[in-house]
Amino acid sequence: MTKNKLLLHICCGPCAMAPLELLQAAERDCELFFFNPNIHPSVEWSRRLDNAVRAAEHYELPLHILPGIDVETWRERAADGKERCKFCYETRMMKTAEYAASNGFDSFSTSLLVSPYQDRKAIIRAGEVAAAAYGLEFEAYDWRDYYRHGQDLARDLGLYRQKYCGCIVSLEDSKFYEKICAEHARLI
Ligand code: SF4
């Protein structure tokens, strides 16, 4: 693995914890990037951003934030199933690559690679296409064995651990839908 400057896209605080612990142990030159327009509603987006900020502070790493939520695009793709997730990875990896290339990074990766619930092959494909478009390296880590450990770290730090992936479709499909909506209503 190369030792260049890495931009790590983070989808949320809990998923960032184990990758950051491992990258720090490896003494990687690393900064963080939050860009997740898939997340719905805005109160959830803010909550996940707050947790990303706390994770960054915990590891004393700079966090770059690109705001923006695009609920309509994800709603329109409700019936697309796996294609919707593919689009979701491509959107986030392409923007991460663009930001990395414009800000002096040599490579990028994503905390999505810690989750056993995400489509690893589709994430890597999206990362590699984005890397090629901007002349960067996509670092395809396999952090899945550390997923539980990361969740424990997040719990110890008092981070909020969400019960759905992020987009409006995943929220509406969640068996915790009513509970989550009640929680959102309390936070507004
Ligand atoms: S389920 Fe998750 S990965 Fe798939 S589109 Fe929704 S937020 Fe993105």
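Above: the structure in question.
K.L.:
Even after reading the chapter, I still don't get the packing of aromatic side chains, so can you show me in this structure?
P.N.:
Taken as a whole and assessed by the stated rule, the structure comprises 7 aromatic pairs. Residues F33 and F35 carry aromatic rings whose centres are separated by 6.4 Å and whose planes lie at 25° to one another, so their mutual orientation is stacked. On the basis of an interplanar angle of 10° and a centroid distance of 4.5 Å, the ring pair of Y141 and W143 is categorised as stacked. The exposure class assigned to Y141 is buried, which follows from its relative accessible area of 14%.

K.L.:
What exactly am I supposed to notice about the pairing of strand β2 (residues 30-34) here?
P.N.:
Across the 5 residues of β2, 5 count as buried, placing the element largely inside the fold. Of the two faces of β2, the one lined by C30, L32 and F34 and the one lined by E31 and F33 are each fully buried. Of the pairings in the sheet, the one linking strand β1 (residues 6-9) to β2 comprises 4 bridges and is parallel in character. By the bridge assignment for β2, L8 is matched with L32. Once the chain exits β1 it traverses helix α1 (residues 13-25) before rejoining the sheet at β2, and the crossover so formed is right-handed. Here β2 pairs with strand β3 (residues 63-65) via 3 bridges, running parallel. The partner of F34 across the bridge, within β3, is I65. Remark: the β2/helix α2 (residues 42-59)/β3 crossover connection has right-handed handedness.

K.L.:
When you look at a nonpolar patch on the surface in this model, what are you seeing that I'm missing?
P.N.:
A cluster of nonpolar side chains, contributed by M94, V129 and Y134, occupies part of the molecular surface with about 240 Å² of accessible area. Along the chain, the position of M94 falls in helix α4 (residues 82-102). Exposure remark for M94: the relative accessible area of 31% places this residue in the partly exposed category.

Calculation rules
- Residues numbered from 1 in each chain as written.
- Predicted model: local features only at pLDDT ≥ 70, side-chain atom pairs only at ≥ 80, totals over all residues.
- Heavy atoms only, no water.
- Phe/Tyr/Trp six-rings, centres within 6.5 Å; stacked < 30°, edge-to-face > 60°.
- Buried < 20%, exposed > 50% of the residue type's maximum accessible area, 1.4 Å probe, protein only.
- Helix = DSSP H or I, 4+ residues; strand = E, 2+ residues; numbered from the N terminus.
- Pairing = 2+ DSSP bridges.
- Right-handed = clockwise from strand over helix to strand, strands pointing away.
- Patch = residues over 30% accessible without salt bridge, like charges linked within 9 Å, V, L, I, M, F, W, Y side chains within 5 Å.
- Areas by Shrake-Rupley, 256 points an atom, 1.4 Å probe, with all protein chains shown as cover.
- Salt bridge = Lys/Arg side-chain N within 4 Å of Asp/Glu carboxyl O.

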